[in-house]
Amino acid sequence: AYKTELEVQARAARIARLSWYGVAAFTVLVTALSFSIQPHLAEAFSAMPAGFVFPALALAGLAGIFVFSRRRQELQAFLSSAAYIIGMLTSVVFGVFPLVLPANSDPARSLTIVNASAPQYGLWIGLVWFTPGILLVLAYQTFLYRKFAGKVRAEDAGY
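Please read these numbers as outputs of a predicted model, since none were measured by experiment. (Residues numbered from 1 in each chain as written. Predicted model: local features only at pLDDT ≥ 70, side-chain atom pairs only at ≥ 80, totals over all residues. Heavy atoms only, no water.)

Quick notes on the overall build of the protein chain
Quick note on the threshold: Numbered from the N terminus, helices here are DSSP runs of H or I no shorter than four residues, and strands are runs of E no shorter than two. Within these notes, the globule rule equals 2.2 Å times the number of residues to the 0.38 power, and the radius of gyration is based on C-alpha atoms. Three labels apply to residues, based on accessible area from a 1.4 Å probe with only protein chains included: buried if under 20% of the type maximum, exposed if over 50%, partly exposed otherwise in between. In short, Shrake-Rupley with a 1.4 Å probe defines the accessible areas, and a residue's cover is counted only from the protein chains shown. Counted as positive: Lys and Arg. Counted as negative: Asp and Glu, with His and the chain ends omitted from the count. Note on charges: their place is set at NZ of Lys, CZ of Arg, CG of Asp or CD of Glu.
In terms of helices and strands, the protein chain carries 6 helices and 2 strands. When the helices and strands of the protein chain are placed in sequence order, the string is α-α-α-α-β-β-α-α. Over its C-alpha atoms the protein chain spans a radius of gyration of 21 Å, topping by over 25% the 15 Å that the globule rule assigns to 159 residues. The principal-axis extent of the C-alpha atoms belonging to the protein chain is close to 60 × 40 × 25 Å. Buried residues in the protein chain amount to 19% of all 159 residues. About 11,600 Å² of surface is accessible on the protein chain, with carbon and sulfur atoms providing 73% of the total. Measuring between centres, the 12 positive side-chain charges of the protein chain sit 4 Å from its 7 negative side-chain charges.

So, unusual backbone geometry
Here phenylalanine 97 and proline 98 are connected by a cis peptide whose omega angle stands at 5°. With respect to the helices and strands, the residue proline 98 is situated in the loop between α4 (74-96) and β1 (99-101). Unusually for a residue other than glycine, leucine 6 sits at a positive phi of about 60°. Tracing the chain through its elements places leucine 6 in helix α1 (residues 6-37). The exposure class of leucine 6 is exposed, given its relative accessible area of 53%.

Honestly, it's all geometry; don't read function into it.
Printed below as a string of C-alpha coordinates:
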(Lines give C-alpha, C1' and ligand atoms only; values in the text may rest on other atoms or scores of the structure.)
Protein backbone atom coordinates (compact mmCIF):
# COMPACT_ATOMS: atom_id res chain seq x y z
CA ALA A 1 0.00 0.00 0.00
CA TYR A 2 2.89 2.35 0.75
CA LYS A 3 4.55 1.97 -2.65
CA THR A 4 1.41 1.93 -4.81
CA GLU A 5 -1.57 4.12 -5.61
CA LEU A 6 -5.19 4.03 -6.78
CA GLU A 7 -6.81 0.57 -7.08
CA VAL A 8 -3.68 -1.39 -6.23
CA GLN A 9 -3.13 0.69 -3.10
CA ALA A 10 -6.76 0.26 -2.01
CA ARG A 11 -6.62 -3.51 -2.59
CA ALA A 12 -3.29 -3.86 -0.74
CA ALA A 13 -4.58 -1.80 2.19
CA ARG A 14 -7.75 -3.88 2.39
CA ILE A 15 -5.77 -7.14 2.34
CA ALA A 16 -3.42 -5.79 5.01
CA ARG A 17 -6.32 -4.78 7.25
CA LEU A 18 -7.99 -8.19 6.88
CA SER A 19 -4.73 -10.12 7.28
CA TRP A 20 -4.02 -8.39 10.58
CA TYR A 21 -6.62 -10.55 12.34
CA GLY A 22 -4.94 -13.75 11.13
CA VAL A 23 -1.50 -12.49 12.12
CA ALA A 24 -2.76 -11.56 15.59
CA ALA A 25 -4.43 -14.95 16.05
CA PHE A 26 -1.35 -16.85 14.86
CA THR A 27 0.86 -14.73 17.13
CA VAL A 28 -1.18 -15.78 20.16
CA LEU A 29 -1.24 -19.42 19.01
CA VAL A 30 2.47 -19.64 18.20
CA THR A 31 3.42 -17.89 21.45
CA ALA A 32 1.31 -20.29 23.53
CA LEU A 33 2.67 -23.33 21.69
CA SER A 34 6.25 -22.07 21.99
CA PHE A 35 6.01 -21.77 25.76
CA SER A 36 4.42 -25.22 26.07
CA ILE A 37 6.95 -26.91 23.75
CA GLN A 38 10.09 -25.14 24.99
CA PRO A 39 10.11 -24.59 28.77
CA HIS A 40 13.46 -22.78 28.49
CA LEU A 41 11.56 -19.73 27.20
CA ALA A 42 9.69 -19.20 30.47
CA GLU A 43 12.91 -19.72 32.43
CA ALA A 44 14.78 -17.12 30.37
CA PHE A 45 12.07 -14.48 30.74
CA SER A 46 11.71 -15.21 34.48
CA ALA A 47 15.46 -14.93 35.03
CA MET A 48 15.77 -11.64 33.13
CA PRO A 49 12.51 -9.64 33.11
CA ALA A 50 14.20 -6.94 31.01
CA GLY A 51 13.78 -9.34 28.09
CA PHE A 52 10.07 -8.53 28.05
CA VAL A 53 11.00 -5.44 26.03
CA PHE A 54 11.22 -7.68 22.94
CA PRO A 55 7.67 -9.11 23.10
CA ALA A 56 6.49 -5.60 24.02
CA LEU A 57 8.09 -4.35 20.80
CA ALA A 58 6.25 -7.05 18.85
CA LEU A 59 2.93 -6.15 20.47
CA ALA A 60 3.51 -2.45 19.87
CA GLY A 61 4.29 -3.22 16.23
CA LEU A 62 1.15 -5.33 15.91
CA ALA A 63 -0.96 -2.57 17.48
CA GLY A 64 0.73 0.01 15.23
CA ILE A 65 -0.16 -1.99 12.14
CA PHE A 66 -3.81 -2.04 13.24
CA VAL A 67 -4.00 1.66 14.07
CA PHE A 68 -1.98 3.07 11.18
CA SER A 69 -3.53 0.90 8.49
CA ARG A 70 -6.99 2.10 9.52
CA ARG A 71 -5.79 5.70 9.43
CA ARG A 72 -4.32 5.06 5.98
CA GLN A 73 -0.84 6.00 7.16
CA GLU A 74 1.01 3.47 5.03
CA LEU A 75 4.59 4.36 6.00
CA GLN A 76 3.84 4.13 9.72
CA ALA A 77 1.99 0.83 9.18
CA PHE A 78 4.99 -0.54 7.27
CA LEU A 79 7.41 0.57 9.98
CA SER A 80 5.12 -1.00 12.58
CA SER A 81 5.24 -4.29 10.67
CA ALA A 82 9.04 -4.10 10.71
CA ALA A 83 8.93 -3.50 14.49
CA TYR A 84 6.62 -6.51 14.87
CA ILE A 85 9.00 -8.78 12.97
CA ILE A 86 12.04 -7.49 14.88
CA GLY A 87 10.19 -7.93 18.19
CA MET A 88 9.15 -11.50 17.38
CA LEU A 89 12.61 -12.54 16.21
CA THR A 90 14.45 -10.94 19.12
CA SER A 91 11.96 -12.54 21.55
CA VAL A 92 12.90 -15.98 20.22
CA VAL A 93 16.62 -15.25 20.37
CA PHE A 94 16.36 -13.90 23.91
CA GLY A 95 14.21 -16.82 25.01
CA VAL A 96 16.56 -19.58 23.87
CA PHE A 97 19.94 -17.86 24.42
CA PRO A 98 22.63 -19.33 24.79
CA LEU A 99 21.04 -22.18 22.88
CA VAL A 100 20.87 -22.12 19.10
CA LEU A 101 18.84 -25.31 18.75
CA PRO A 102 17.50 -26.66 22.05
CA ALA A 103 17.06 -30.41 22.48
CA ASN A 104 13.98 -31.40 24.48
CA SER A 105 15.01 -35.03 24.90
CA ASP A 106 18.48 -34.50 26.39
CA PRO A 107 19.71 -30.97 27.20
CA ALA A 108 23.30 -32.16 26.72
CA ARG A 109 22.51 -32.63 23.02
CA SER A 110 21.47 -28.99 22.55
CA LEU A 111 23.32 -26.87 20.07
CA THR A 112 24.76 -23.84 21.88
CA ILE A 113 26.58 -20.74 20.69
CA VAL A 114 29.81 -22.30 21.98
CA ASN A 115 29.62 -25.76 20.41
CA ALA A 116 28.12 -24.40 17.16
CA SER A 117 30.72 -21.71 16.56
CA ALA A 118 33.34 -21.99 13.87
CA PRO A 119 37.02 -22.36 14.75
CA GLN A 120 38.88 -19.15 15.64
CA TYR A 121 40.54 -18.92 12.21
CA GLY A 122 37.19 -19.18 10.41
CA LEU A 123 35.71 -16.47 12.63
CA TRP A 124 38.67 -14.21 11.84
CA ILE A 125 38.33 -14.75 8.08
CA GLY A 126 34.61 -14.05 8.33
CA LEU A 127 35.28 -10.80 10.17
CA VAL A 128 37.86 -9.70 7.59
CA TRP A 129 35.49 -10.39 4.68
CA PHE A 130 32.50 -8.87 6.47
CA THR A 131 33.75 -5.29 6.00
CA PRO A 132 34.00 -5.28 2.19
CA GLY A 133 30.89 -7.45 1.97
CA ILE A 134 28.74 -5.09 4.04
CA LEU A 135 30.08 -2.08 2.13
CA LEU A 136 29.02 -3.76 -1.11
CA VAL A 137 25.56 -4.49 0.33
CA LEU A 138 25.18 -0.88 1.53
CA ALA A 139 26.21 0.47 -1.88
CA TYR A 140 23.70 -1.82 -3.60
CA GLN A 141 20.92 -0.90 -1.17
CA THR A 142 21.61 2.79 -1.74
CA PHE A 143 21.45 2.26 -5.51
CA LEU A 144 18.16 0.34 -5.23
CA TYR A 145 16.63 2.88 -2.86
CA ARG A 146 17.38 5.71 -5.28
CA LYS A 147 16.42 3.76 -8.38
CA PHE A 148 13.02 2.72 -7.03
CA ALA A 149 12.19 5.74 -4.88
CA GLY A 150 8.59 6.89 -4.80
CA LYS A 151 5.34 5.15 -5.60
CA VAL A 152 4.84 2.69 -8.42
CA ARG A 153 2.47 4.36 -10.86
CA ALA A 154 -0.05 2.30 -12.80
CA GLU A 155 0.90 3.88 -16.15
CA ASP A 156 4.59 3.13 -15.53
CA ALA A 157 3.84 -0.52 -14.74
CA GLY A 158 1.78 -1.00 -17.91
CA TYR A 159 -1.66 -1.30 -16.23
